[in-house]
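# Structure assessment
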Amino acid sequence: MQAEQTTESVVSIKNVVRTFVTEDAGENTVLRGIDLEIAHGECVVIIGPSGCGKSTLLNIVAGFDAPTDGTVIVGGKQVKRPGPDRAVVFQDYALLPWLNALENVALGLKLAGVKKAERLEKAQHFLDIVGLGAVSKRAVYKMSGGMQQRVSIARALALEPALLLMDEPFGALDAIQRGIMHEELTRIRRETNSTVLFITHSLDEAVYLGDRVIALQAGMAG
C-alpha cells in the first residue's frame, strides 16, 4: 500500500511489517510493507475485515505495539512508546463512572500536571466543542452511549494531540446514534482541524468520514 507523499505530513509510516509468532512456532504476518502519509487536518480511514491488521496498525502508531520492521514518525519524532502527541478513542468509552463529564475530560490534563483552574477551563471548552457544555456536571453513567463517546472525544481533544486515533469508536452505538456521531465528528473536525486516523469495518462509515479511505486485506503487502 503506497500513499502520496506530502511535505505537511503529521504521520509518516514507512515500510511497516508486523509478524506474530503462532502457537505452533510458525509466523503470521498481518502487516507487510505498509507506507502511509497523513497530512495535517486530514482524516484517513482504514477499512478491512477482521484480522486484516487495521487495529494492529493503529496500536503501532499509538505506541502500544512495535513493528517487526519499519518506522512510524509522528510530528517529526519516531514512535517508540505512547505519548501525549497521540490520543486514542476506543469503542469502549473508558470513562470513570464516579466522575462527571467535566472531571472525566479534565483527568488527562490533571495527570499531565496542568493546574486545576486551567484544566477545568480547558475541559469545559472541549465539552462545549462536542456539544455537551450545558451538561458538564452530569454524571457520565446517566448519559447515553453517544453522549459518553462525545465525552471520550472531548477528553482526547483536551490533550491537544498532533494525532487523534479512533479505533471503531462508534461500533457499540445503534444506527441512529451512529449517524448522529458521524455528523458530530465531522463538525468537531471542522472546528478543531484535527488530524485523524480512523479504524472501521463499515464501508458507509469510511466513505462518510474519510478524506481518504485505505483498504487492508489479510497479510497486506505494499
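Structure shown above.
What you see is a predicted model, and the numbers here were worked out from it, not measured in a lab. (Residues numbered from 1 in each chain as written. Predicted model: local features only at pLDDT ≥ 70, side-chain atom pairs only at ≥ 80, totals over all residues. Heavy atoms only, no water.)

### A short note on the overall build of the protein chain
Per the secondary structure count, the protein chain includes six helices and nine strands. For the protein chain, the C-alpha radius of gyration of 18 Å lies close to 17 Å, the compact-globule estimate for 222 residues. Principal-axis analysis of the C-alpha atoms places the extent of the protein chain at approximately 50 × 40 × 35 Å. For the protein chain, buried positions account for 53% of its 222 residues. The contacts of the protein chain with a sequence gap of at least 6 include a subset with a gap of at least 24, amounting to 71%. One way to put it: in the protein chain the 23 positive side-chain charges average out to a point 8 Å from where the 26 negative ones average out. (Helix = DSSP H or I, 4+ residues; strand = E, 2+ residues; numbered from the N terminus. Rg over C-alpha atoms; globule rule 2.2 N^0.38 Å. Buried < 20%, exposed > 50% of the residue type's maximum accessible area, 1.4 Å probe, protein only. Contact = heavy atoms within 4.5 Å. Lys, Arg positive; Asp, Glu negative; His and termini not counted. Charge placed at Lys NZ, Arg CZ, Asp CG, Glu CD.)

### Focus on the sheet that holds strand β3 (residues 43-47)
Read from one edge to the other, the open sheet built from five strands follows the order β6-β7-β8-β3-β9, with strand pairing classed as parallel. A single partner strand is all that each edge strand has here, and the edge strands are β6 (86-90) and β9 (212-215). Between one strand axis and the next, the sheet turns through 20° on average, direction left out of account. Note that strand β7 (residues 163-167) and strand β8 (residues 196-200) share four bridges and pair parallel. Following the sheet pairing, Leu164 is matched in β8 by Val196. (Pairing = 2+ DSSP bridges. Axes fitted to C-alpha atoms, helices over the stretch in contact; angles between N-to-C directions.)

### Structural notes on the packing of helix α4 (residues 145-158) against helix α5 (residues 175-192)
Contact geometry for α4 and α5: axes closest at 10 Å, N-to-C directions at 20°. Considering the angle they form, α4 stands roughly parallel to α5. Note that α4 runs across α5; the crossing there is right-handed. Along the contact surface, α4 presents Gly145, Gly146, Arg150, Ile153 and Leu157, while α5 presents Gln177, Met181, Glu184, Ile188 and Thr192. Split by residue class, the contact of α4 with α5 holds four nonpolar, four polar and two charged. (Parallel < 35°, antiparallel > 145°, perpendicular 65-115°, else oblique. Left-handed = near helix turned anticlockwise from the far one by under 90°. Nonpolar A, V, L, I, M, F, W, Y, C, P; charged D, E, K, R; others polar.)

### With respect to helix α2 (residues 101-111)
Burial in α2 covers these residues: Ala101, Leu102, Asn104, Val105, Ala106 and Leu109. Residues of α2 that are buried in the fold lie against α3 (116-129) and α4. Sitting at the amino-terminal end of α2 is Asn100, which places a side-chain oxygen 3.1 Å from the backbone nitrogen of Leu102. In the segment just after α2, Gly113 is the residue with positive phi, at about 90°. (Polar contact = N/O pair within 3.5 Å; in protein donor to acceptor, adjacent residues only side chain to side chain.)

### A short note on the nonpolar core
Counting 40 residues, the largest nonpolar core has Leu127, Val151, Ile153, Leu164, Met166, Phe170 and Phe198 as its most contacted members. Take this core: its biggest share by element is seven residues, from α4. Judged by nonpolar contacts, the second largest core, of 27 residues, contains Val10, Ile34, Ile60 and Leu216. (Core = buried A, V, L, I, M, F, W, Y, C linked by side-chain atoms within 4.5 Å.)

### Some remarks on the pairing of β3
Taken residue by residue, a regular strand's side chains alternate between the two faces of the sheet. Of all the five residues making up β3, five are buried; the element is thus mostly covered by neighbouring parts of the structure. Alternating residues of β3 divide into Cys43, Val45 and Ile47 and Val44 and Ile46, and every residue in both groups is buried. Sheet analysis places β3 next to β8, joined by five bridges and oriented parallel. The residue bridging Ile47 from the neighbouring strand is Thr200, located in β8.

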